[in-house]
Amino acid sequence: MEQTKELEDRVHKLAVSLEKTQITEYVNYLNDTKKLILTNLLAGLARGVGMTVGFTILGAVILYFLQKLVLLNLPLIGDFIANIVRLVNFSLQK
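What counts as what
- Residues numbered from 1 in each chain as written.
- Predicted model: local features only at pLDDT ≥ 70, side-chain atom pairs only at ≥ 80, totals over all residues.
- Heavy atoms only, no water.
- Helix = DSSP H or I, 4+ residues; strand = E, 2+ residues; numbered from the N terminus.
- Rg over C-alpha atoms; globule rule 2.2 N^0.38 Å.
- Buried < 20%, exposed > 50% of the residue type's maximum accessible area, 1.4 Å probe, protein only.
- Areas by Shrake-Rupley, 256 points an atom, 1.4 Å probe, with all protein chains shown as cover.
- Lys, Arg positive; Asp, Glu negative; His and termini not counted.
- Charge placed at Lys NZ, Arg CZ, Asp CG, Glu CD.
- Axes fitted to C-alpha atoms, helices over the stretch in contact; angles between N-to-C directions.
- Parallel < 35°, antiparallel > 145°, perpendicular 65-115°, else oblique.
- Contact = heavy atoms within 4.5 Å.
- Nonpolar A, V, L, I, M, F, W, Y, C, P; charged D, E, K, R; others polar.
- Phe/Tyr/Trp six-rings, centres within 6.5 Å; stacked < 30°, edge-to-face > 60°.
- Patch = residues over 30% accessible without salt bridge, like charges linked within 9 Å, V, L, I, M, F, W, Y side chains within 5 Å.
- Salt bridge = Lys/Arg side-chain N within 4 Å of Asp/Glu carboxyl O.

A. Examining the overall build of the protein chain more closely. Helix and strand content of the protein chain: four helices and zero strands. The order of helices and strands in the protein chain, counted from the N terminus, is α-α-α-α. Scaling as 2.2 N^0.38, a compact globule of 94 residues should have a C-alpha radius of gyration of about 12 Å, whereas the protein chain reaches 29 Å, well beyond that. In terms of overall dimensions, the protein chain has C-alpha extents of about 90 × 35 × 15 Å along its principal axes. A buried classification covers 5% of the 94 residues belonging to the protein chain. Of the roughly 8,600 Å² that the protein chain leaves accessible, carbon and sulfur atoms contribute 68%. Separation between the mean location of the 10 positive side-chain charges and that of the 8 negative ones in the protein chain comes to 18 Å.

Right, dumping it as structure tokens:
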């Protein structure tokens, strides 16, 4: 009798824990193919836009610093960087 009561308490605690994790909603979400595809499509689009914006900003910052290095007139590095900046500006103007 004592063991049955203890087992009932453990099962009840387990059921409450599973309910708190909302596992049934997650399983229903996984079974809803349209919702799953839509969510993944939107997440992929957001990642793509984020990467594009991030790489654009990073590229602009790198070009900015390269242009500043050219203005310092460092003999060897300045010529190399000037060529890179000219190539990038030429390709951007196309």
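B. How the structure looks around the packing of helix α2 (residues 23-31) against helix α3 (residues 33-71). Relative orientation of the contacting elements α2 and α3 amounts to 85 degrees, with a least axis distance of 5 Å. Classed by the angle they form, the pair α2 and α3 counts as roughly perpendicular. Counted together, Tyr-29, Leu-30 and Asn-31 of α2 and Thr-33, Lys-35, Leu-36 and Thr-39 of α3 form the full contact between these two elements. Per-class residue counts for the contact of α2 with α3 are three nonpolar, three polar and one charged.

C. Representation of unusual backbone geometry in the model. The phi torsion at Gln-22 lies on the positive side, around 55 degrees, for a residue other than glycine. By the secondary structure assignment, Gln-22 is in the loop between α1 (2-20) and α2.

D. How the structure looks around the packing of aromatic side chains. A full pass over the atoms with the stated rule returns one aromatic pair. When the centroid spacing of 5.6 Å and the interplanar angle of 70 degrees are considered together, the rings of Tyr-64 and Phe-65 count as edge-to-face.

E. Expanded view of a nonpolar patch on the surface. Together, Leu-14, Leu-18, Ile-23, Tyr-26, Val-27 and Leu-30 make up an exposed nonpolar region whose accessible area comes to about 550 Å². Listed by contribution, the elements that provide at least two residues to the nonpolar patch are α1 and α2. Looking at the nonpolar patch, the element that brings in the most residues is α2, giving four residues. With respect to the secondary-structure elements, Leu-30 resides in helix α2.

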